[in-house]
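Here is how the chains run, residue by residue.
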Amino acid sequence: MLEIRDLRVAVDGKDILIGLDLHVAPGEVHAIMGPNGSGKSTLAHVLAGREGYEVTGGEILFEGHSLLDLEPEERACAGVFLAFQYPVEIPGVNNTYFLKAAVNAIRRHRGQSELDAMDFLTLVREKLGVLHLDESLLRRGVNVGFSGGEKKRNEIFQLALMEPKLAILDETDSGLDIDALKDVAHGVNALRSPERSTILVTHYQRLLDHIVPDRVHVLSGGRIAVSGGSELARELESRGYDWVREEAAAGA
Amino acid sequence: MDTPNAEVDALVRREYQHGFVTDLESDTVPPGLDEDVVRLISRKKGEPEFLVEWRLKAYRHWLTMAEPRWANVDHSPIDYNEISYYSAPKSKEDGPKSLDEVDPKLLETYEKLGIPLEERAALAGIAVDAVFDSVSVATTFKDKLAEQGIIFCAFSEAVREHPALVEQYLGTVVPYTDNFFAALNSAVFSDGSFCYIPKGVRCPMELSTYFRINAAKTGQFERTLVVADEGSYVSYLEGCTAPVRDENQLHAAVVELVALEGAEIKYSTVQNWYPGDENGVGGIYNFVTKRGDCRGDRSKISWTQVETGSAITWKYPSCILRGDHSVGAFYSVALSNLRQQADTGTKMIHLGRNTRSTIVSKGISAGRGQNSYRGLVQIGKGAENARNYTQCDSLLMGDRCGAHTFPYMEVRNPSANVEHEATTSKISDDQLFYCRQRGIGEEDAVSMIVNGFCKEVFRELPMEFAVEAQKLLEVSLEGAVG
Ligand SMILES: Nc1ncnc2c1ncn2[C@@H]1O[C@H](COP(=O)(O)OP(=O)(O)OP(=O)(O)O)[C@@H](O)[C@H]1O
Ligand SMILES: [Mg+2]
C-alpha cells in the first residue's frame, strides 16, 4: 500500500526527516509515536502534498506509484486521506455543501456518477449515527465555531464518507473526551478492511486500547528509531522516550 | 517556506481576459467643455427648451464645484478639457459585421459566462438593432410591456415621446447641485434608459435583456430614470457580466429611482468594466451617483450590486426613506483585484415614520486591491421607530490587499434602533490545502469560499443573474495556478 524509502524532508532549510523508511501493507494499522517536534505532522503533511516542505531525497510509493508527483487533490482522489491535527475553519461554506463537493470530486475521479442531494443525505444519515455527530453541525460553516472535539469528530465523519484507501490520522485523539475517543475509534475500526490501511499519529496509549495497531513506530532524530508490536506503545507510556533516543544514538 | 500566502497570491495574479482595443471612427466634437458644447449636445439630440436650460444650469453650477477628495481612492488628476463630450451614436458600418470578425477570446468569455447566443453579437458591437429586432422574443417582449402601459426606452426617446414625464421627475432625486459628478452628468449626459410603470402594474418580467443590448451603446455619461407609480412593481437589471466595449476612461452616470405609494423597485447591477492592468494602467474610473426616493408611504427600494470591474469605483446607491413605513435595502459584493480601488457603500436617509433599512456589504480584496465600505445611516428628527441593520464583511486574499470600513451614523430621534456588525476574514493557504486534501481543486476551492462569503447578496439577485454573477466572480479570480 505505502512504501516510504529513505525520505528526507527539510523545512526552511532545516532538516526534519533524514532517512525515514516505512512500509504499510494493505489492511494494516500502524501507529507513529514520538516526542513533540520530531516530525510526525511533517510526515503526514508530506504524504498529503502540503506545500512548503522540501523533499530532498527518497521516495514515496502509493500502490506502486510515486505520490510526490501528484497534486494534493490528486492524492486525495487516489485515496489518501489526512485527518488534520488542527482542522481549519472555512466561514460561509456550509459543511454539508463542502462534504458533498468533496465526495463528488472523488466519485468523479473514480468514474462514478455524482450523488444528488437526496442520495447524499441518505449517505450522511447512515454515517452520522456511527459518530454521534450532532446534525446541526452540518448546517454550519465548515468547522466554524466547532469545539476542539467537534472538529475531530467532523474529521472522522469525513473519513467515513470518503472511504479512502490510506487514512492518516494526525493526533485525532488529542483533546477528546472519553466518549468522543470511543466514537472516533469506532469510526476508524468500522473502516478497517483488508484493502484499507491506517496510520495513527498519537501520543497516547489510550487510543491504541481501542484501535489495536499491527505495528508501532517511534519517530525520533528524523527517522524511525524503534519499531515493534502493540506492546511497544505500553512500554513507551511507562518509560518515556529517553531510552529510545539513547538506543538510537548507540545504534547510529 | 516562502510567504505563507504565496499560493493565494499566485492564484489571484490573473490577467484581465476581456480587454481588447477598439479603433472606431466617430462623429466627435473637439475635446473641452463650455456652454456652446452643452447647447450642441442638446441640439444634436433635438431636445426641448426645458432640458437645454436645465443642462446649462447644471453646467454653470458644475463650474463652481471642485472634484471630491474624500474617497479612499487615489488617481492621477482628470483633465476635463481633454474629454470629448459628444460622440454620435456609432453607425452600424463601424462595427464588426459578424461574429467571425470578433476577437475569439471575447467570444470565449461570453461562452464561459453563458451569455445567450443572440446577445453575444450585440455585446460584441455588431449592428445591434438589426440583430436585436430579428429576435422575435424581443418584439414580443416590447409588445407585452406596451400592453400594460409600461414605458421602457432609451432616455433620448423618452425625452422625445414623453417629455412631460421626464420633466416631472428628472433631477428630483439627484439634483444637479448634488455633487461634482452629478452636475457634470446633468450638463452633458449622453443617453441612458427611462422606465415608467403605471399605477398598480406589476411588471411581468425582469427588465434585463433589452437593457443589456442598450448597455453596449450607452456612453460615458449615462442617465437612468425609473419611476414606479402607486402600487406598481418592477425588477430592473442593469449592466451585464460580459465585458462591454468601451474606450472612455471616465464614467459618471446618474441613476434616479422614484417609488410612489406602495410601489417597489428592485434594482440589480452587475458591473464588469476593464479594471486596468497589474500596474493600474488603463482601467475605467467609475464615479456613479445612484439614489432611490421612497416618496410614498409603504414604498420599497432595494439595490443589489456585484462590482468586479473598473480601476476605481466610487459609488453609493442610496435610499431616501421619505414615506412612512418605507423600506430600503442595499446588498453589495465588491471585488478589487490587481490595483483596483473600490470605495462603495450606501446612504440610508430615514425621514418617515416606521422606516426600515438593511445594508449587507461584502468586500473581497485580492492582489493589491483596496476595498472600502463607506456607509451613512441617518435618522431624521421625525423618523419615529426607524430601524437599520448593517452588516459589513471583508474577505482578504493574500496579504498585499486592503479592506477598510467607514460607517457613519447620525441619529436624531431617540426611538431609533441601529445595529452594526462587521467581520474581516482571509482565504489562507491552510484553507486551500484543506479543500484540496478533500479532493477539491484549487480554483473550485477559491470559488467555493468566495461564493460562500457572498451568498447573502447573491440570494437577492434574480435567479439567472445570480448564476451569472457567481460565474463572473469565478472568472474574475481565475488565475495562473501553478
Ligand atoms: N512551517 C514551518 N516552519 C518552520 N519550522 C517548521 C515548520 N513546520 C514544522 N517545523 C518544525 O519541524 C519540526 C517538526 O514539526 P512537526 O509538526 O512535524 O512535529 P510533530 O512531531 O508533529 O510534533 P507534535 O507532537 O508537537 O505535533 C519542528 O521542530 C517544527 O518546529
Ligand atoms: Mg504534530
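Going by the structure above, here's the rest.
Residues numbered from 1 in each chain as written. Chains lettered and ligands numbered in written order. Predicted model: local features only at pLDDT ≥ 70, side-chain atom pairs only at ≥ 80, totals over all residues. Heavy atoms only, no water.

(A) A look at the overall build of chain A. Counting secondary structure elements, chain A contains nine helices and 12 strands. Taking 252 residues into account, the globule formula puts the C-alpha radius of gyration at 18 Å, and chain A, at 18 Å, falls close to it. With the C-alpha coordinates aligned to their principal axes, the bounding extent of chain A is approximately 60 × 40 × 35 Å. Burial statistics for chain A: of 252 residues in total, 54% are counted as buried. (Helix = DSSP H or I, 4+ residues; strand = E, 2+ residues; numbered from the N terminus. Rg over C-alpha atoms; globule rule 2.2 N^0.38 Å. Buried < 20%, exposed > 50% of the residue type's maximum accessible area, 1.4 Å probe, protein only.)

(B) Structural view of the environment of B:Cys319. Residue and element names in this part refer to chain B. Mapped onto the elements, Cys319 comes out in strand 11 (residues 318-321). When its relative accessible area of 0% is taken as the criterion, Cys319 is described as buried. On a C-alpha basis, the gap between Cys319 and Thr346 in space is 7.9 Å, while along the polypeptide they are 27 residues apart.

(C) Inspection of the packing of aromatic side chains at higher detail. Residues and elements named next belong to chain B. The tally for this structure, following the rule as stated, stands at 19 aromatic pairs over all chains. Note on Phe155 and Phe194: the rings are 6.5 Å apart at their centroids and 85 degrees apart in plane angle, and the pair reads as edge-to-face. Of this pair, Phe155 sits in helix 8 (residues 155-161) while Phe194 sits in strand 2 (residues 192-197), and the two are 39 residues apart along the sequence. Using a relative accessible area of 0% as the deciding quantity, one classes Phe155 as buried. We classify Phe194 as buried; its relative accessible area is 0%. (Phe/Tyr/Trp six-rings, centres within 6.5 Å; stacked < 30°, edge-to-face > 60°.)

(D) Helix 13 (residues 442-458) of chain B, seen in detail. Residue and element names in this part refer to chain B. Taking 1.5 Å of rise per residue, the 17 residues of helix 13 would be expected to cover 24 Å, and the 22 Å separating its terminal C-alpha atoms lies within 8% of that figure. Roughly 40 degrees is the biggest bend found in helix 13, and it falls at Gly452. Buried residues dominate helix 13, accounting for 13 of its 17 residues. (Expected span 1.5 Å × (residues − 1). Bend = angle between axes of the 7 residues up to and from the residue.)

(E) Spotlight on the coordination of the magnesium ion (ligand 2). Residues and elements named next belong to chain A. In the first shell of the magnesium ion (ligand 2), the protein supplies Ser41 (OG) and Gln85 (OE1), at 2.0 to 2.4 Å from the metal. Of this pair, Ser41 sits in helix 1 (residues 40-48) while Gln85 sits in the loop between strand 6 (80-83) and strand 7 (90-94), placing them 44 residues apart in sequence. The exposure class of Ser41 is partly exposed, given its relative accessible area of 21%. (Donors = N, O, S within 2.8 Å, 3.2 Å for Na, K, Ca; no water.)

(F) Fine view of the pairing of strand 9 (residues 166-170) of chain A. Residue and element names in this part refer to chain A. Of all five residues in strand 9, five are buried; the element is thus mostly enclosed. Because side chains alternate across strand 9, one face comprises the buried residues Leu166, Ile168 and Asp170, and the other comprises Ala167 and Leu169, equally buried. When strand 6 meets strand 9, the two strands line up parallel, connected through four bridges. Looking across to strand 9, one finds that Ala83 is bridged to Leu169. Note: strand 9 against strand 10 (residues 197-201), five bridges, orientation parallel. Within strand 10, the residue paired with Ala167 across the bridge is Thr198. (Pairing = 2+ DSSP bridges.)

(G) Spatial organisation of the sheet that holds strand 6 of chain A. All names here are of chain A. Read from one edge of the open sheet, six strands run 6-9-10-3-11-12, paired in mixed fashion. Unpaired on one side and paired on the other, strand 6 and strand 12 (223-228) mark the two borders of the sheet. Between one strand and the next, the sheet's axes are offset by a mean angle of 20 degrees, whatever the strand orientation. (Axes fitted to C-alpha atoms, helices over the stretch in contact; angles between N-to-C directions.)

(H) Highlighting the interface of chain B and chain A. Chain B puts 19 residues into the contact, and the matching count from chain A is 36 residues. Each partner contributes to the roughly 2400 Å² buried at the junction of chain B and chain A, and carbon and sulfur atoms together form 60% of this total. Applying the counting criterion to the chain B and chain A interface returns four salt bridges. Remark: the boundary between chain B and chain A carries 13 residue pairs in polar contact (both at pLDDT 80 or more). Elements supplying a minimum of two residues to the side of chain B that touches chain A: helix 12 (429-437) and helix 13 of chain B. Of the residues forming the side of chain B that touches chain A, the biggest block, eight residues, is contributed by helix 12 of chain B. (Contact = heavy atoms within 4.5 Å. Buried area = accessible area lost by both parts, 1.4 Å probe. Salt bridge = Lys/Arg side-chain N within 4 Å of Asp/Glu carboxyl O. Polar contact = N/O pair within 3.5 Å; in protein donor to acceptor, adjacent residues only side chain to side chain.)

(I) Structural context of the packing of helix 3 (residues 95-109) of chain A against helix 5 (residues 148-162) of chain A. Residues and elements named next belong to chain A. The contact between helix 3 and helix 5 brings their axes to 10 Å, and the two run at 35 degrees. Crossing handedness for the pair helix 3 and helix 5: right-handed. Only Asn154, Phe157, Gln158, Leu161 and Met162 of helix 5 make contact with helix 3, whose side of the interface consists of Asn95, Phe98, Leu99, Ala102, Val103 and Ile106. Here the contact of helix 3 with helix 5 is built from residues that sort into eight nonpolar, three polar and no charged. (Left-handed = near helix turned anticlockwise from the far one by under 90°. Nonpolar A, V, L, I, M, F, W, Y, C, P; charged D, E, K, R; others polar.)

(J) The pairing of strand 7 (residues 264-271) of chain B, seen in detail. Residue and element names in this part refer to chain B. Among the eight residues of strand 7, seven are classified as buried, and the element is accordingly described as predominantly covered. One ladder, built from eight bridges, connects strand 7 with strand 9 (residues 300-307); its direction is parallel. Residue pairing in the sheet places Lys266 in a bridge with Ser302 of strand 9.

In short, the description is geometric, and any link to function would need to be established separately.
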